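# Results of the structural survey
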Amino acid sequence: MADQIKSLEDLKAEMGAASATPAPADDKTDTPAAATEEAPLPEPKIDAQGRAYATGKRKDAIARVWIKPGSGKITINGRDQEVYFARPVLRMLLQQPFEAAERKDSYDVVATAKGGGLSGQAGAVRHGISKALVAFEPALRPPLKSGGFLTRDSRVVERKKYGRKKARRSFQFSKR
């Protein structure tokens, strides 16, 4: 360090001289260029009948879901979605993955749901539809992931504890 850097101009000159010298070539400098290229998408997982399968879960409900290209008909346990999920909110849950992926009325869905109640089953079917869409079209993963449809909602009912009335509610205290 024979030269003393006393001003910003001296620092600029030093930095310019340092960048003018070529850097040693090694394999590590090529990795950032390779990382900027997009990774190839995984292959679609489609069975012999042209369907994609996925399992969705929510609370205590489990849904097995098959999707295939079609007109947008959704069948749960052999019944139409309007019959099985009578509340409009539950039917809206089933449409959310298709709207996020911009594939409304382009896939037929056949699902079997068991366990839990209707709300949990609707959430499980929605989770299964999302996973099956990604299995059928891997390019749909980013919009579904950003919408939170691929994440399993892990909230479940808290168990009842002994010495209490419910999970957290205790018996009424009596002073006298």
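### Overview of helix α5 (residues 118–136)
For an α-helix, the turn length of 3.6 residues means that residues three or four places apart are oriented alike. Spanning 19 residues, α5 covers 26 Å between terminal C-alpha atoms, matching the ideal 27 Å at 1.5 Å per step. For α5, the buried fraction is high: 15 of the 19 residues fall into the buried class.

### Details of the nonpolar core
Nonpolar side chains tend toward joint burial in soluble globular proteins. Formed by 32 residues in total, the largest nonpolar core has its most connected members in I67, I76, L133 and L144. For this core, the elements supplying multiple residues, two or more each, are β1 (52–58), β2 (61–69), β3 (74–76), α4 (88–101), β5 (107–114) and α5.

### As for the side chain of Q95
As for its placement among the helices and strands, Q95 is situated in helix α4. Those residues in contact with Q95 that lie beyond four places of it in its chain are I74, Q81 and K104.

### Concerning the pairing of β5
Bridge count for β2 against β5 is eight bridges, and the pairing is antiparallel. Looking across to β5, one finds that A63 is bridged to A113.

### Some thoughts on the packing of aromatic side chains
Counted by the stated rule, this structure contains three aromatic pairs. Relative to W66, the ring of Y53 has its centre 5.1 Å away and its plane inclined at 45°; by these criteria the two rings are tilted. On the criterion of sequence distance, the pair formed by Y53 in strand β1 and W66 in strand β2 is long-range, its members being 13 residues apart. Plain terms: the ring middles of Y107 and F136 are 5.2 Å apart, the flat faces sit at 80° to each other, and that makes the pair edge-to-face. Remark: F136 occurs in helix α5 and Y107 occurs in strand β5; sequence separation between them is 29 residues.

### A word on the pattern of salt bridges
Scanning the entire structure with this criterion turns up seven salt bridges. D47 is paired through a salt bridge with R51; the nearest N and O atoms lie 3.2 Å apart. Its salt-bridge partner being E137, residue R103 comes within 2.8 Å of it at the nearest N-O pair. You can see R103 sitting in the loop between α4 and β5 and its partner E137 sitting in the loop between α5 and α6 (141–146), a full 34 residues away along the chain.

Cut-offs and rules
- Residue numbering note: each chain is counted from 1, following its sequence as written.
- Local features are withheld for residues below a pLDDT of 70 in this predicted model, meaning they are given only at 70 or higher, and side-chain atom pairs are given and counted only at 80 or more; totals for whole chains, interfaces and linings count all residues.
- Processing note: side-chain calculations cover all non-hydrogen atoms of the structure and skip hydrogens and water entirely.
- Only DSSP runs of H or I reaching four residues or more are called helices, and only runs of E reaching two or more are called strands; each is numbered from the N terminus.
- A helix is expected to reach a length of 1.5 Å times the quantity of its residues less one.
- Partly exposed describes any residue whose relative accessible area lies between the buried limit of under 20% and the exposed limit of over 50%, with all areas from a 1.4 Å probe on protein chains only and scaled to the type maximum.
- Put simply, a nonpolar core is a bunch of buried Ala, Val, Leu, Ile, Met, Phe, Trp, Tyr and Cys residues held in one set by side-chain atoms that sit within 4.5 Å of each other.
- Two residues qualify as a contact provided that any one of their heavy atoms is within 4.5 Å of a heavy atom in the partner residue.
- We call two strands paired when DSSP finds no fewer than two bridges between them.
- Centres within 6.5 Å are what make two rings of Phe, Tyr or Trp a pair, Trp counting through its six-membered ring; a difference in plane orientation under 30 degrees is then read as stacked, over 60 as edge-to-face, and the rest as tilted.
- Whenever Lys or Arg places a side-chain nitrogen within 4 Å of a carboxyl oxygen from Asp or Glu, that contact is recorded as a salt bridge.

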